[in-house]
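# Residue-level structural notes
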Amino acid sequence: MRYCSVSVLIVALLLSPGISSAQQQTKLKAKPDLVKIIDRNLKDAVKQYKILMPHIPEDSLPETFEKGQWTSNPPKSWISGFYPGTLLYLYEATKDKALYDEAMSKLKVLEEQKFANSHDIGFMMFCSYGNANRIKPQAPYKDILLTSAATLSKRFNPNVGCTMSWGSKPGEFRVIIDNMMNLELLTWASKASGDPYFANIAITHANTTMKNHFRPDYSTYHLVNYNSETGEVIRRQTVQGAADESAWARGQSWGLYGYTMMYRETGKTEYLQQAKNIANFLLSHPNLPEDKIPYWDYNAPGIPNTYRDASAAAIMASALIELAGYSDATDSKRYLETSETILRSLSGEIYKAKKGENGGYLLKHSVSHLPRGNKIDVPLTYADYYFVEAMMRYKNLPSKN
Ligand code: GLY
C-alpha cells in the first residue's frame, strides 16, 4: 500500500501537470466556416469508410489502395492500429454504430500484438486500444495496453537511453525519429499503473533523441545508429528521405508531434521549446508550399515537380493545433493559422477523395517510402487517421466565434 502511494507520487512528479498553466496561455478560437467544412468532411468520411470496409479481409488491417487494388496487412504490421483508431474517432464524431462495431472486430484481431516484438507497438496499440479505452474505459483494454507497454519497455537499452527501432548488427542499436510517437503508450502506462518506470524510459528516450537526432537548424535525421554498449553515435542517416542530410517530411512531423505530446505528458518546458523550434524550422522553410502540404522531403530533388505527402501534412496539422494551445499569442496564431491552411487544403478537391473514389480512403497523395519505390502518391491509412484526429482537435477547440 505504502509502495503504491509512493509510486503514485513519483509518477505524479514525473508527469507533472505543470502544463495546465501553459495550456491556459492562449484561448484558441475555431473559425466557424472551417468547423462547417470539418462537419461535412466527417460525414463524408463515414460514407467513405463504409465503402472501404467490405474490402478488408477479416484478419487484416488496411493500408492503401493502389492501381485499383486494396492492400491490407497482417496485424503485426506497424499500420495496424490506424484503421480501428480512425473508426473510433469517426464514431465519436457521428455516433454511427456500424463504425464502432467494425472497430471492435478489428481490436480482437489486434489483441495478440500486445506481445509484438516491435518498436511500433505504440502506433499499433495506442491508436487502437488507447482510443477505445479513452472513449469507453474498460479493464480488459487497460490490461492489454499495460502489457503492450511492458512489451515495448523490453526494447529499452540504458546504455543508449532509447528503445530500439529496427533490428541491428551485433554491437549496434538503431533508433528512428518515428519512435517518439510510441512514447505516449509509456507515459499512459505509468499513469494507469502507478509504476514510474515506463515514464522514466519515455523521458530518457525523448532526452537522448533531442540530443542526437536533431541538426542545429532543428531538422531531424531519420535514423541514428548507436553503439549499444557505450551509447556513442556511430552514424546518422535518412533512410526514407532524399539523402542522409535531407529533411524527410514525415520524420519532421513525427518529431513535432512527439515533442508536443511529451510536453503535454510531462510539463517539461525543454520539450515545448523543442516542439517550437521544430515548428519554426518547418513553417519558415522556403520549400513549404503556400497550401502548407509538404513535399515528401523538404529537400527533395525536383521541387516543385515532385510528390507531396498528405500524411506529413495531417500529422503536422494535428500537432500544431495542440502546440498552439501551449504557446503565446504570436506563436499560437502562426501555428493555428498554418493548421487551418492545411485542413482547408486537405478538404479541397486536390487532396480529399470524392465519394466512392480512392478505394474509400479519405485523402489522396501520400508517400510511404519513395527511395524504395514503395506506395508513392497513394492514400495511406495513417494519413486518414491524423487528418481525422486533426479535424476532431480543431472542432473541439473551446471557443468557436
Ligand atoms: N514509421 C514509418 C513511416 O513513417 O513511414
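Per chain, residue numbering runs from 1 following the sequence as it is written. Note on the predicted model: pLDDT of at least 70 is required for a residue's local features to be given, and 80 or more for side-chain atom pairs to be given and counted; whole-chain, interface and lining totals, by contrast, use all residues. The side-chain figures draw on all heavy atoms in the structure; neither hydrogens nor water molecules are used.

With that out of the way, let us pick up helix α3 (residues 32–52). In DSSP terms, a helix is any run of H or I states spanning at least four residues, a strand is any run of E spanning at least two, and both are numbered starting from the N terminus. In a helix, the anticipated span is given by 1.5 Å times the number of residues less one. Across its 21 residues, α3 extends 30 Å between first and last C-alpha, which sits within 8% of the 30 Å expected from 1.5 Å per residue. Taken together, the buried positions of α3 are L34, V35, I38, N41, L42, A45, V46, Q48, Y49 and L52. Only protein chains enter the accessibility calculation, which uses a 1.4 Å probe; a residue whose area is less than 20% of its type maximum is buried, one above 50% is exposed, and one in between is partly exposed.

Attention shifts here to the confidence of the model for the protein. Regions with low pLDDT should not have their predicted coordinates read in detail. Put simply, the protein has an average pLDDT of 94, and 93% of its residues get 70 or more. Known as pLDDT, the predictor's per-residue confidence is scaled from 0 to 100. The criterion used for residue contact is that any of the two residues' heavy atoms lie within 4.5 Å. Here residues 20–24 is modelled with pLDDT under 50, and outside its nearest four sequence neighbours on either side it reaches 5 contacts, counting other chains as well.

Throughout, the term near means that a residue has one or more heavy atoms lying within 4 Å of the molecule or strand in question. Every residue lining the ligand is accounted for by W78, D178, Q240, W248, R250 and W254. Any pair of N or O atoms that falls within 3.5 Å is considered a polar contact. Within protein, one atom must be able to donate a hydrogen and the other to accept it, and sequence-neighbouring residues count only if both atoms are side-chain atoms. Here R250 contributes a side-chain N or O atom positioned 2.6 Å from an oxygen atom of the ligand. Classification used: nonpolar for Ala, Val, Leu, Ile, Met, Phe, Trp, Tyr, Cys and Pro, charged for Asp, Glu, Lys and Arg, polar for all others including Gly. Here the residues of the shell around the ligand are counted per class, giving 3 nonpolar, 1 polar and 2 charged.

Relative orientation and spacing of two packed helices are given, respectively, by the angle between their axes and the distance between those axes. Only the stretch in contact is used when fitting a helix axis, every axis being a line fitted to C-alpha atoms; angles between N-to-C directions are given from 0 to 180 degrees. At a closest axis distance of 8 Å, the pairing of helix α4 (residues 82–94) and helix α6 (residues 121–135) adopts a crossing angle of 25°. It follows from the interaxial angle that α4 and α6 lie roughly parallel. For α4 against α6, the interelement crossing comes out left-handed. Contacts between α4 and α6 involve F82, P84, G85, L88, Y89, Y91 and E92 from the first element and F123, C127, S128, N131, A132, R134 and I135 from the second. Throughout, the term roughly parallel applies to angles under 35 degrees, roughly antiparallel to angles over 145, roughly perpendicular to angles from 65 to 115, and oblique to all others. By definition, turning the near helix anticlockwise from the far helix through less than a right angle yields a left-handed crossing, and turning it clockwise yields a right-handed one.

Here the rule is simple: two strands pair whenever DSSP picks up at least two bridges between them. Sheet architecture is open: 3 strands sit in the order β5-β6-β7, paired in antiparallel fashion. Of all strands in the sheet, those with a lone pairing partner are β5 (172–176) and β7 (233–237), marking the two edges. For this sheet the average axis-to-axis angle between neighbouring strands, irrespective of direction, equals 20°. In the sheet, strand β6 (residues 223–227) pairs with β7 via 4 bridges, with the strands oriented antiparallel. Looking at β7, one finds that V224 is bridged to R236. In the packing of helix α9 (residues 196–212) onto the sheet, contacts are made with β5, β6 and β7, and the angle to β6 comes to roughly 105°.

Glycine aside, negative phi is the norm for most residues, and most peptide bonds take the trans geometry. Omega for the peptide link from I303 to P304 comes to 10°, which places this bond in the cis form. Following the sequence through the fold, P304 ends up in the loop between α11 (269–283) and α12 (310–324). The backbone phi angle of K292 is positive, close to 65°, even though this residue is not glycine. Among the structural elements, K292 can be located in the loop between α11 and α12. Phi at D377 is positive, roughly 65°, even though this residue is not glycine. Looking at the secondary structure, you find D377 in strand β9 (residues 374–378).

Looking now at the packing of aromatic side chains. Note on ring pairs: Phe, Tyr and Trp rings are taken, using the six-membered ring of Trp, and paired if centres are within 6.5 Å. Classes follow the plane angle, with under 30 degrees stacked, over 60 edge-to-face and the rest tilted. Considering all chains together, one arrives at 23 aromatic pairs under this definition. Pairing Y385 with Y386 gives two aromatic rings, centres 4.8 Å apart and planes at 80°, and the pair type is edge-to-face. A relative accessible area of 2% means that Y386 is categorised as buried. Three or more aromatic residues joined by ring pairs form one cluster here, namely W78, F82, Y89, F123, W254, Y257, Y382, Y385 and Y386. Cation over ring: K136 sits above Y100, and NZ or CZ is 4.1 Å from the ring centre. Both a distance and an angle decide whether a charge sits over a ring: NZ of Lys or CZ of Arg must be within 6 Å of the ring centre and within 35 degrees of the ring normal.

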